[in-house]
Amino acid sequence: MHRKIRCDGGTPICGQCKSIPGALEDCEYRDETGGKTNIELLEDNIARLERRIHELETIDDPPPPDAVFLSKPYGPSCGSQKNVLVEPTPDDRVNCLRTFVDNCENLSFFLLSGRFRDEAIRASQGHRTLCPAILNAACLWGARMAPHPMPQLEEYFLDKTHKCLSNRLQSSQNQPSVLYSIQVELLLALYYIDTGKSLRAGYHASAAVSLGNSAKLCSQGSIEAPSDPVEQFERIQAFWMGLIVSNHFVSQGPTPFNYPSETLVGVTTPWPIVFNKDVIVPSKNECVVQMYLRGQHDSTTTMSRAILAKSSILYEWSTNLGPQHCRSKLSI
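Just so we're clear, the structure is a prediction, and the values are computed from it rather than from any experiment.

## Quick look at the confidence of the model for the protein chain
Move 1: Here the protein chain averages 75 in pLDDT, and 65% of its residues register 70 or above.
Move 2: Looking at the elements of the protein chain, mean pLDDT is at its lowest for helix 10 (residues 261-265), recorded as 66, and at its highest for helix 5 (residues 132-144), recorded as 92.
Move 3: Between residues 72-81, whose pLDDT stays under 50, and residues either more than four places distant or in other chains, the model counts 3 contacts.
Move 4: Across residues 327-332 the pLDDT falls below 50, and counting only partners more than four positions away or on other chains, this stretch makes 0 contacts in the model.

Okay, here's the thing in structure tokens:
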């Protein structure tokens, strides 16, 4: 048992604590700043925790004026209201789809636009002809390219696209399904580039590249022959559009977003072609990129997307060549 000792007020340590060994451990000495002692601080913490326990036990009762509320550390604060997604009307969907179809050539859209337009219009009328992910991605861009800003519709279609894409990837087994997934990933990558979110854009570009690699789109001769000209056209376009978008990130340094140079050298997929519903282009198994870099130009590939693909390859090679040249000069 300890007896209480009167403090003489000496600073920084009172005389009693100096003279009696061990007294300082239980000392409730208050310094000249007027702050609380350790015991008082502990008592305040206990009182606060007891109030919080009482609040949790009486959650349905009105909170006291000095109640302490908890919130998620990385989420919105308790006082903020969560945004409620506004369901678009059927007319909103149709208008967004039409806006997208009218402008899809300006995006990395590789599906046959005429057929997609017909199927999209039927889908907007309730017919299940297209997967929800591609429809929501198209509506997302339609809302973004609308003459007047539609931020609420953008937010809705972006949320729906991500949810539908997740389900789509889990069930992607056949070639057309993979092509749809690649197309959605590319549209999301371009959307995030346009909104200034480069990290998210890179993630979706990387996903498109991974899907293209798994489907062996870089070597058309090593996979099953296309069933019709439409399928071949979309396969070819899918590979080159994925390469063009992924090479957007080359200037940011070594990233997993683009095709490796060793993969490009062995590409046998023909350059982007003009669609012909009556012709399937025979596979020559020629390394088209290697031939192009050696100066063996194919005069038949004058399509704008073929020129864009070649420019993208030159950009990727020149970007990688610069640091190698600098290192070689430093090593001399």
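## Observations concerning empty space enclosed by the protein
Move 1: With the rule as written, the count across this model stands at 1 cavity of 30 Å³ or more.
Move 2: Taken as a whole, the largest cavity holds about 50 Å³ of empty space.
Move 3: What lines the largest cavity is Leu 111, Leu 112, Arg 115, Phe 116, Glu 119, Leu 130, Tyr 180 and Glu 234.
Move 4: It is helix 4 (residues 113-124) that contributes the most residues to the lining of the largest cavity, 3 residues altogether.
Move 5: Here the residues of the lining of the largest cavity are counted per class, giving 5 nonpolar, no polar and 3 charged.

## Some thoughts on the side chain of Thr 269
Move 1: As for its placement among the helices and strands, Thr 269 is situated in the loop between helix 10 and helix 11 (288-293).
Move 2: What makes Thr 269 buried here is its relative accessible area of 0%.
Move 3: Within the local environment of Thr 269, its side chain forms a polar contact with the backbone oxygen of Leu 217, the two atoms lying 2.4 Å apart.
Move 4: Separated by 3.1 Å, the side chain of Thr 269 and the backbone oxygen of Cys 218 make a polar contact.

## Focus: the pattern of salt bridges
Note that side chains of opposite charge can pair when their charged atoms are close.
Move 1: Evaluated as defined, the whole model comprises 8 salt bridges.
Move 2: The partner of Arg 115 in a salt bridge is Glu 234, and the shortest N-O contact between them spans 3.4 Å. One end of the pair, Arg 115, is in helix 4; the other, Glu 234, is in helix 9 (residues 229-246), and 119 residues separate them in sequence.
Move 3: Judged by relative accessible area, Arg 115 falls into the partly exposed class, the value being 36%.
Move 4: Here Lys 163 makes a salt bridge to Asp 159, at a shortest N to O gap of 3.2 Å. A residue pair is termed a helical-turn pair when its members lie 3 or 4 positions apart in one helix, as Lys 163 and Asp 159 do in helix 6 (residues 151-170) at 4 residues.
Move 5: With a relative accessible area of 25%, Asp 159 lands in the partly exposed category.

What counts and what doesn't
Residues numbered from 1 in each chain as written. Predicted model: local features only at pLDDT ≥ 70, side-chain atom pairs only at ≥ 80, totals over all residues. Heavy atoms only, no water. pLDDT = per-residue confidence, 0-100. Helix = DSSP H or I, 4+ residues; strand = E, 2+ residues; numbered from the N terminus. Contact = heavy atoms within 4.5 Å. 1 Å grid on protein atoms, 1.4 Å probe; cavity = no way out; pocket = protein on both sides within 12 Å on 5 of 7 lines; lining within 4 Å. Points joined across faces, edges and corners; volume = space filled by probe spheres on them. Nonpolar A, V, L, I, M, F, W, Y, C, P; charged D, E, K, R; others polar. Buried < 20%, exposed > 50% of the residue type's maximum accessible area, 1.4 Å probe, protein only. Polar contact = N/O pair within 3.5 Å; in protein donor to acceptor, adjacent residues only side chain to side chain. Salt bridge = Lys/Arg side-chain N within 4 Å of Asp/Glu carboxyl O.

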